[in-house]
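Below, each chain spelled out in residue letters.
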Amino acid sequence: MSAAIKNPFQHIIEPLDPKDPTQKFFSLSKLADPRYDRLPFSIRVLLESAVRNCDEFLVKRSDVERILDWKQTQTQTVEVPFRPARVILQDFTGVPAVVDFAAMRDAVMELGGDPEKINPVCPADLVIDHSIQVDFNRKSDSLQKNQDLEFERNKERFQFLKWGSKAFKNMRIIPPGSGIVHQVNLEYLARVVFNHDGFFYPDSVVGTDSHTTMINGLGVLGWGVGGIEAEAVMLGQPISMVLPEVVGYKLLGTPDKLITSTDIVLTVTKHLRQVGVVGKFVEFFGPGVAQLSIADRATIANMCPEYGATAAFFPVDHVSIQYLEQTGRDPEKLAYITKYLKSVAMFRDYNDMAQDPDFTQVVELDLSTVVPCCSGPKRPQDRVPVSDMKRDFEACLGAKQGFKGFQVAPEHHSASLPFQFNGQEYTLSHGSVVIAAITSCTNTSNPSVMLGAGLLAKKAIEHGLSVKPYIKTSLSPGSGVVTYYLKESGVMDYLCQLGFEVVGYGCMTCIGNSGPLPDPVVEAITQGDLVAAGILSGNRNFEGRVHPNTRANYLASPPLVIAYAIAGTVRIDFEKEPIAINSQGKEVFLRDIWPTREEIQAVEQTYVIPSMFKEVYEKVEKVNERWNTLVVPADKLYAWDPQSTYIKSPPFFNGLTMKLQPPQSIKDAYVLLNLGDSVTTDHISPAGNIARTSPAARYLTDRGLSPRDYNSYGSRRGNDAVMARGTFANIRLFNKFLNKQAPQTVYMATGETLDVFDAAERYRQSGVPLLVLAGKEYGSGSSRDWAAKGPFLLGIKAVLAESYERIHRSNLVGMGVIPLEYLPGDTADSLGLTGRERYTIIIPNQLTPRMKVDVKLDSGKTFQVLMRFDTDVELTYFHHGGILNYMIRKMSEN
């Protein structure tokens, strides 16, 4: 480790084993600082990284002191650098990252630098999991057909990614068909402790997916960042972060034997949303943690973005080591993992209160109070006890349009529509289930809920129950290990009999890759204007995300997904009403088929074994034959194909010079969109299907593509022309200018209603800058860099919102789009803003973090807003026009 030569903390380096002086670590106990033992375990990881990487340039001794002094500095805005050990990507966000790297190599060469300087300097793993869709289901060959179609649609993208794995060092690709990124990370990629260049240090990771937080369940500190920020980390830049507050979440009690980890996480999500943990770490402690498996902890950590925290950390304990053994990790590595973590006081005993560190605040949850629940119909934090689902849905039907309302007139609440499917007549009504998907790393990583679903299916079949054939059922596991133990335990056949065949290994329905519904179902929903329901074991259920025709979507455990599929409706009280009447005319209740925790654990202990994990992951990089046969060029610079509709050199660096331009005020900007609260990155940059009447569809049609070849927005993130046209193209976008849901806006110069892209193009041709007005939690949801890149390409210079989701604000900064925030107490309404004014934002030459700036309207009104550049580093990026421009200039210096 060359940095150790000039590291001011090299005096605390010592061998982990005195018999082997070549294997060393930074012994934090040698700091002899009593503050260390009071730090939250998550902050200790930040401290170790700062100590090990201290070079008095990117990381300074004063940064180490700030972290040690966390108890005093946590509530202040104290900036510290963090060098994660590695980066993880999935293909939707990974393709644009590799596109940016390829374009940056071109730009560095244009400026006279060495293009091969653009290269990851830390390990980067990219798992291809976002491309596969549920085009086929309920057939024995559905998996093969979906995988064949995935390759047919995405061959060009896959070739590009394979080129990237050859052209760039330190980049490993996990091929399609292997699993979901976060589950593969948990079961295979996570090191827990690194042993690199003769040094031991804690594993830590940032990822281009907001649910990277799942790995915190194993004691690896990690969180999602924008793709733009991840690229900078891969190029050796530390993350500049505000030292976070840490909320201690104390778990007590024992969950009821009928409770699943999904019930626990949905309860935690609602609770922490109420506590308010945005921008903070959450660290779990207390005797209740010791009762949770790693899979349970990972489920809770996975949904961290849904409760708004940056990370949700479970320090490593003996259960973590047992999980590493169960998943087939190397016994030699397990020995040094435990020894190292104990040597740096990062190994936890959850029953030892003396180990409890200081926290900013402590909140508690008694696990015995958790009840079976779902979340919905439009947000993951809106928990609904299963016993209350029927009443809650019916209340939502008539409630005002919003997160808990569909505004259906009372006389239509009982509406229903008959339809024909496969020669038989069925009826749909409000609340009818049309999608039932066991999906997502949140739950498919957890053997207890997956085996629970299998055992419920077994009992359902034995009781003579079935699922109506028009319901789109699917099972998309997060790794091949799941299929292995479902088959070995004998429950897979029963799942298949209910329609839950394996349809693919990937995110699928959870990210909107749910595929088409049968035409008769769509026609019935449309003709009856019905609020149809999707039920999924995912982590997000935002409007328009799961499927355009399911207006109500509920998150639920895998066993509950099957239960609601059998019932065929969410308008059921399982405690009082039978789930179904079997072929013998007997009423069957959910309690008759629900497996107990003891039943599930007995099967899990027998069938979830280390050899399964070893067998699956030993061949994970070579098992996909179609991937193996892909031929790619060996060139270090990418040969862009001007005819490609998937991969295109982006215009971000056109005309870039080494000279910086001073910041410019934004003069006489029009408001492109006037939006409300909780506008998600799905609203800003959808990942799902490309509508046939959209600007993106017109672009693809002009290039000779038919609708069946459009694929999804997510799959086309390597093409800026498609993505710019897809910006704000979500059909559920609510624009106050129109007072309805539509991917459109008003072009102020003429009053015309246009598609958002078309209006932006008119403004661009007129040389007019643009602004977006928004409410609270702007940019919540997935860590989607195109939700910042797209607005940048539309000519949006700034967003003015009441508050931002953490990752999205960072992405806006990374693209040079100014995040402005109303001062406390101010809103668009309180200031009397209609959005039809023209806005001038005064940007002074001398900028400081979180400074106030003046906004002047053409009406003469003036008010102040907060400029949300939170650190000096972010201001540096802004002066360069974005983080990637900064990196290009840096890499081009001689």
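In this report, we go over the structure that sits alongside the text. (Residues numbered from 1 in each chain as written. Predicted model: local features only at pLDDT ≥ 70, side-chain atom pairs only at ≥ 80, totals over all residues. Heavy atoms only, no water.)

As summarised here, the arrangement of the five strands in space is E6-E5-E4-E9-E10, forming an open sheet in which the pairing is parallel. Pairing within the sheet leaves two strands with one partner each, and these edge strands are strand E6 (171–174) and strand E10 (221–224). Averaged over all pairs of adjacent strands, the angle between strand axes in this sheet comes to 20°, irrespective of strand direction. Relative to strand E9 (residues 204–207), strand E4 (residues 86–90) runs parallel, the two being bridged by three bridges. Looking across to E9, one finds that Arg86 is bridged to Val205. (Pairing = 2+ DSSP bridges. Helix = DSSP H or I, 4+ residues; strand = E, 2+ residues; numbered from the N terminus. Axes fitted to C-alpha atoms, helices over the stretch in contact; angles between N-to-C directions.)

Take Asp785: it is sitting in the loop between strand E31 (770–773) and helix H28 (786–793). Classification of Asp785 as buried rests on a relative accessible area of 0%. The residues contacting Asp785, other than those within four sequence positions of it, are Pro96, Gly227, Ile228 and Asn811. (Buried < 20%, exposed > 50% of the residue type's maximum accessible area, 1.4 Å probe, protein only. Contact = heavy atoms within 4.5 Å.)

This part covers the state of the cysteines. One pass over the structure, following the stated rule, counts zero disulfides. Cys304 forms no disulfide, and the closest cysteine sulfur to it belongs to Cys441, at a distance of 13 Å. The exposure class assigned to Cys304 is buried, which follows from its relative accessible area of 0%. Between Cys396, a cysteine without a disulfide, and Cys374, which holds the nearest cysteine sulfur, the sulfur-to-sulfur distance is 13 Å. Judged by relative accessible area, Cys396 falls into the buried class, the value being 2%. (Disulfide = S-S within 2.5 Å.)

Let's shift gears to the nonpolar core. Judged by nonpolar contacts, the single largest core of 302 residues is most densely connected at Phe284, Tyr564, Ile579, Phe728 and Tyr778. With residues up to four places along the chain from it excluded, the contact list for Tyr564 reads Cys374, Val386, Met389, Val433, Ile535, Thr569, Val570, Ile572 and Phe574. Core analysis: the second largest hydrophobic core is formed by eleven residues, Ala697, Tyr699, Val722 and Ala729 among them. (Core = buried A, V, L, I, M, F, W, Y, C linked by side-chain atoms within 4.5 Å.)

The geometry of an aromatic ring pair comes down to the distance between the two centres and the angle between the two planes. This model, assessed by the stated rule, comprises 32 aromatic pairs. Taking the ring centre of Phe347 as reference, the NZ or CZ of Lys342 above it sits at 5.0 Å. Seen from the ring of Tyr646, Arg716 lies directly overhead, with NZ or CZ sitting 3.9 Å from the centre. (Phe/Tyr/Trp six-rings, centres within 6.5 Å; stacked < 30°, edge-to-face > 60°. Lys NZ or Arg CZ within 6 Å of the ring centre and 35° of its normal.)

What follows concerns the sheet that holds strand E13 (residues 281–285). Reading across the sheet, the four strands line up as E14-E13-E12-E15 and stay open at both edges, with parallel pairing between neighbours. Taken across any chain shown, the strands that pair with only one partner, and hence form the sheet edges, are strand E14 (311–313) and strand E15 (361–366). Sheet twist, expressed as the average angle between the axes of neighbouring strands with direction ignored, equals 25°.

It is worth spelling out the environment of Arg762 at this point. The residue Arg762 is located in helix H27 (residues 756–765) in this model. Along the backbone, Arg762 and Tyr747 are 15 residues apart, and their C-alpha atoms lie at a distance of 8.1 Å. Each residue touching Arg762, except ones within four places of it in the same chain, is listed here: Tyr747, Thr750, Glu752 and Leu754. A distance of 2.8 Å separates a polar atom in the side chain of Arg762 from a polar atom in the side chain of Glu752. (Polar contact = N/O pair within 3.5 Å; in protein donor to acceptor, adjacent residues only side chain to side chain.)

Here the focus is the pairing of strand E21 (residues 472–475). Here E21 shows no split at all, with Lys472 and Ser474 on one side and Thr473 and Leu475 on the other all buried. In the sheet, strand E20 (residues 433–438) pairs with E21 via four bridges, with the strands oriented parallel. Along E21, the bridge assignment pairs Ile438 with Leu475.

All right, on to helix H12 (residues 331–343) then. Between its first and last C-alpha, H12 extends 19 Å over 13 residues, near the 18 Å set by a 1.5 Å rise per residue. Listing the buried residues of H12 in full gives Leu334, Tyr336, Ile337, Thr338, Tyr340 and Leu341. The secondary structure elements touched by the buried residues of H12 are strand E1 (13–17), strand E2 (20–26), helix H1 (41–52), strand E7 (193–196), strand E8 (199–202) and helix H11 (318–326). A side-chain oxygen of the first residue of H12 lies 2.9 Å from the backbone nitrogen of Glu332; this N-cap is Asp330. Downstream of H12 by one or two residues, Ala345 has phi in the positive range, about 55°. (Expected span 1.5 Å × (residues − 1).)

On to the packing of helix H15 (residues 447–462) against helix H19 (residues 558–567). Viewed as axis vectors pointing N to C, H15 and H19 meet at an angle of 30°, and their least axial separation amounts to 7 Å. When the axis of H15 is compared with that of H19, the two are roughly parallel. Residues Val449, Met450, Gly452, Ala453, Leu456, Ala457 and Ala460 of H15 form the contact with H19, whose participating residues are Pro558, Pro559, Ile562, Ala563 and Ile566. Across the contact of H15 with H19, the residue classes break down as eleven nonpolar, one polar and no charged. (Parallel < 35°, antiparallel > 145°, perpendicular 65-115°, else oblique. Nonpolar A, V, L, I, M, F, W, Y, C, P; charged D, E, K, R; others polar.)

This part is about helix H22 (residues 610–618). Of all the positions in H22, only Met612, Phe613, Val616 and Tyr617 are classed as buried. The buried residues of H22 occupy an angular sector of 105° when the element is viewed end-on, so they sit on one face. (Arc of directions from axis to C-beta.)

With that settled, the discussion passes to the side chain of Thr483. Of note, Thr483 is situated in helix H16 (residues 480–488). Within the structure, Thr483 has its side chain in polar contact with the side chain of Tyr505 (distance 2.6 Å).

Structurally, Val370 is set in the loop between E15 and strand E16 (373–375). Taking C-alpha positions, Val370 is 6.3 Å from Ile264, a pair spaced 106 residues apart along the chain.

This part is about the packing of helix H4 (residues 91–110) against helix H31 (residues 883–892). Two numbers describe how H4 lies on H31: the axes approach to 10 Å, and their chain directions differ by 45°. As judged from the angle between their axes, H4 and H31 are oblique. In this structure, the crossing between H4 and H31 has a hand that is right-handed. Between H4 and H31, the contacting residues are Asp100, Met104, Ala107 and Val108 on the first element and Leu884, Met887, Ile888, Met891 and Ser892 on the second. Each residue belonging to the contact of H4 with H31 can be placed in one class, and the counts come to seven nonpolar, one polar and one charged. (Left-handed = near helix turned anticlockwise from the far one by under 90°.)

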